Amino acid sequence: MSTLEQLKEQIRKALPDLDVVIGWEQGYDAMHATPLFIRTEEDIDRLIWSPLCVHSLGTYLTGLTKTPNVRKVGLVVKGCDSRAIVQLTQERMIPRENIVLFGVGCTGCLSHARLEYKVEQGGHYVEDMHSITFNGDKVEVAVNGDVESFDFDTVCLEKCLTCRFPNAIATEHFAGEQVPVAPKCEKAPSLEAFEKLSLEERFAFWQDQMRRCVRCYACRNTCPMCVCRDHCISTSRNPHWVSQETSSAENFMFQMIHTMHLAGRCIECGECQRACPVDLPIMLFRRTMVHAMKDTFGYISGADPEATPPLLTFKVEEDNIKERGW
Amino acid sequence: MSARNGVLSDTRELRVVGFLCNWCSYGGADTAGVARFEQPTDLRIIRVPCSGRIDPLFIMRALVSGADGVLVSGCHPRDCHYAEGNYYARRRLELLKQFLPITGIDPQRFEYTWVSASEGARWQEVVTKFTNRIHELGPAPRMQGGSGYDELCLKQIEEGVKQGPACPCHKERAL
């Protein structure tokens, strides 16, 4: 039985006790998946599972579990998605007892941005792509009568290259086989390249990038860890943290707010960067914070349901903080 | 208190923001003042109830808004008026310190330290050293430039509208 069949079977069995199960279905074309809200038995047939299922569905939970007529929610989760649930549970942001997780093992997700770039480089138009097949390490795209083949590693999301949690953790159900943990590289290639730049170059880079930010807040709205919803300080007038001016500095300030509020919480799902309409490389900020958290406190967000997030506690003698003797 | 001769070379005054805890470091700075220790005048002090009150975003906001340096000072660990505020502060400030390099802001422009109310001499040393360091670094670069839509895109959109269906984006769609 395939992973998808197994998943459908598990959902079918659990559905009578659940108000809704969220998964993915085929989107408006062959290249895209879109979230699917399963409420009845018939909806289950529309469920899909493939590298197109990029969305972190955990972002619905904090709102949905507060909706009056929704008591129990089911959710299909990949490895990174399940970490979001673990982290939210640690912070008591979601009623974990009312959530049923259907875990899967993930071999990586498609980056539409990278694929479209490749297709355009090959002299084709993105609009002409009409089917996609995943064939082991290869991705085959039918575009304008031709079939273009790419290595999966060159068109997957960057987070998948460094992924250490391909299998969903702390779930009630698990469909299919466990996927071997095989990170392709230690550190994200983009971060490694960026760290080679000098401070001046970095500052100039961000100044240039931040002027493109349109402050649509897609990065915030898609983030499973952003739980303030209508009370986000970046859009509040009191306190007035960010002005309405759309300058590089104010846009940068907004990104700083997002990064700081994800310190020790970000599970590197990469949804912020994926959702960004102007492709700002904001994962550079997130990853740096994640590395700092790991180096200083040995903490990986969403990996252990029993752990206490480091910023909610302290040690009298810190292990890795060298106080400056000056 | 404002005598700068001998403490600093005669450079232009820079903007240094100091977040001082009410119970220790603010008292320490006061002690230094009462004792008439020479201090640099670049520092603008913001008095906070506890170093634990300091959100790392206070520091980011100050740096983004044009501060050339930010100094945070609280009670020594184990001496917090509220028992453990500075322990939480230490974790947050350390993370900020490690995070700053990726933004291109020099982490040398931010420092955190501990000064107690009786340590007037230590306060003088800390504030002088830090201000000297900021003077060596010079004024901080400011983020310039408005939204991309204001300058670049509007021009492109304007040109596209002028050309009508002959503009590049229309051609692309036609193919």
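Quick note: structure is the one above.
Residues numbered from 1 in each chain as written. Chains lettered and ligands numbered in written order. Predicted model: local features only at pLDDT ≥ 70, side-chain atom pairs only at ≥ 80, totals over all residues. Heavy atoms only, no water.

### Observations regarding the overall build of chain B
- A count of helices and strands for chain B gives six helices and four strands.
- Moving toward the C terminus, one meets the helices and strands of chain B in the order β-α-β-α-β-α-β-α-α-α.
- Of all 175 residues assigned to chain B, the portion counted as buried reaches 51%.
- When contacts within chain B are restricted to residue pairs at least 6 apart in sequence, long-range pairs at least 24 apart make up 78% of them.
- Total accessible area on chain B stands at roughly 8,500 Å², and carbon and sulfur atoms take up 52% of it. (Helix = DSSP H or I, 4+ residues; strand = E, 2+ residues; numbered from the N terminus. Buried < 20%, exposed > 50% of the residue type's maximum accessible area, 1.4 Å probe, protein only. Contact = heavy atoms within 4.5 Å. Areas by Shrake-Rupley, 256 points an atom, 1.4 Å probe, with all protein chains shown as cover.)

### What to know about the state of the cysteines
Residue and element names in this part refer to chain A.
- What the rule picks out here adds up to one disulfide over all chains.
- Free cysteine C53: the closest other cysteine sulfur is in C109, separated by 7.2 Å.
- The buried category is assigned to C53, whose relative accessible area is 0%.
- C228 takes part in no disulfide bond, and the closest cysteine sulfur, belonging to C232, lies 6.2 Å away.
- You can call C228 partly exposed: its relative accessible area is 44%. (Disulfide = S-S within 2.5 Å.)

### A short note on the interface of chain A and chain B
- Taken together, the contact pairs 49 residues of chain A with 52 residues of chain B.
- Note on chain A versus chain B: buried area summed over both sides is about 4,700 Å², and carbon and sulfur give 64% of it.
- For the pair chain A and chain B, the interface holds four salt bridges.
- E250 of chain A serves as the salt-bridge partner of R61 of chain B, at 2.8 Å between the closest nitrogen and oxygen.
- Across the contact surface, chain A and chain B share 13 residue pairs in polar contact (both at pLDDT 80 or more).
- Those elements giving two or more residues to the side of chain A that touches chain B turn out to be α7 (189–194), α8 (199–210), α10 (248–261) and α12 (283–297) of chain A.
- It is α10 of chain A that contributes the most residues to the side of chain A that touches chain B, ten residues altogether.
- Each residue belonging to the side of chain A that touches chain B can be placed in one class, and the counts come to 29 nonpolar, nine polar and eleven charged. (Buried area = accessible area lost by both parts, 1.4 Å probe. Salt bridge = Lys/Arg side-chain N within 4 Å of Asp/Glu carboxyl O. Polar contact = N/O pair within 3.5 Å; in protein donor to acceptor, adjacent residues only side chain to side chain. Nonpolar A, V, L, I, M, F, W, Y, C, P; charged D, E, K, R; others polar.)

### What to know about a nonpolar patch on the surface
- Taken together, the side chains of L154, I157 and V161 of chain B make up a nonpolar region of the molecular surface, amounting to roughly 290 Å² of accessible area.
- With respect to the helices and strands, the residue L154 of chain B is situated in helix α5 (residues 148–163). (Patch = residues over 30% accessible without salt bridge, like charges linked within 9 Å, V, L, I, M, F, W, Y side chains within 5 Å.)

### Notes on the sheet that holds strand β2 (residues 43–48) of chain B
All names here are of chain B.
- In space, the four strands of this open sheet follow the order β2-β1-β3-β4, with parallel pairing throughout. The sheet terminates laterally at β2 and β4 (110–114), the two strands that pair on one side only. The sheet shows a mean angle of 20° between the axes of neighbouring strands, direction not considered.
- This element, helix α1 (residues 25–34), spans β1 (16–21), β2 and β3 (69–74) of the sheet and lies at about 110° to β1.
- Strand contacts of helix α2 (residues 56–64): β1, β3 and β4, with the helix running at about 155° to β3, the strand carrying the most contacts. (Pairing = 2+ DSSP bridges. Axes fitted to C-alpha atoms, helices over the stretch in contact; angles between N-to-C directions.)

### Thoughts on the packing of α2 of chain B against helix α3 (residues 85–103) of chain B
Residues and elements named next belong to chain B.
- As a packed pair, α2 and α3 sit with axes 9 Å apart at the nearest point and diverge in direction by 40°. Regarding the angle of α2 to α3, the classification is oblique. Contacts from P56, I59, M60 and L63 of α2 reach α3 at R92, L93, L96 and L100.
- Counted by class, the contact of α2 with α3 contains seven nonpolar, no polar and one charged residues. (Parallel < 35°, antiparallel > 145°, perpendicular 65-115°, else oblique.)

### Some thoughts on the nonpolar core
- One finds I11, F102 and L115 of chain A to be the most contacted residues of the largest nonpolar core, which totals 67 residues.
- With five residues, the top contributor of residues to this core is strand β4 (residues 99–104) of chain A.
- Ranked by size, the runner-up nonpolar core spans 59 residues in total, among them F203, V242 and V278 of chain A together with L100 of chain B. (Core = buried A, V, L, I, M, F, W, Y, C linked by side-chain atoms within 4.5 Å.)

### Some words on the pairing of β4 of chain B
Residues and elements named next belong to chain B.
- Within β4, five of the five residues are buried, leaving the element largely enclosed by the surrounding structure.
- Alignment of β3 against β4, held across five bridges, turns out to be parallel. The residue bridging V72 from the neighbouring strand is Y112, located in β4.
- You can see the chain leave β3, run along α3 and come back into β4, and the turn it takes is right-handed. (Right-handed = clockwise from strand over helix to strand, strands pointing away.)

### Looking at the environment of V70 of chain B
Residues and elements named next belong to chain B.
- On the secondary structure map, V70 appears in strand β3.
- V70 sits 34 residues away from G104 along the chain, and the two C-alpha atoms are 16 Å apart.
- Setting aside residues no more than four positions away along its own chain, V70 makes contact with V17, F19, I59, A62, L63, R109, F110, E111 and F130.

### Focus on the environment of E271 of chain A
Residue and element names in this part refer to chain A.
- Mapped onto the elements, E271 comes out in helix α11 (residues 271–275).
- Each C-alpha atom of the pair E271 and T59 lies 9.8 Å from the other, and the pair is 212 residues apart in sequence.
- Among all residues touching E271, those that are not within four sequence positions of it are V54, H55, S56 and T222.

### Section: the environment of G33 of chain B
Residues and elements named next belong to chain B.
- If you trace the backbone, G33 turns up in helix α1.
- A residue is classified by how much of its surface remains accessible, and G33, at 24% relative accessible area, is partly exposed.
- For G33 and A67, which are 34 residues apart along the polypeptide, the C-alpha to C-alpha distance reads 23 Å.

### Remarks on α2 of chain B
- In terms of residue burial, α2 of chain B counts as a mostly covered element, since nine of its nine residues are buried.
- Residues P56, L57, F58, I59, M60, R61, A62, L63 and V64 of chain B constitute the buried set of α2 of chain B.
- Looking at the packing, one finds that the buried side of α2 of chain B touches α10 of chain A together with β1, β3, α3 and β4 of chain B.
- Just downstream of α2 of chain B, G66 of chain B is the residue with a positive phi angle, here 115°.

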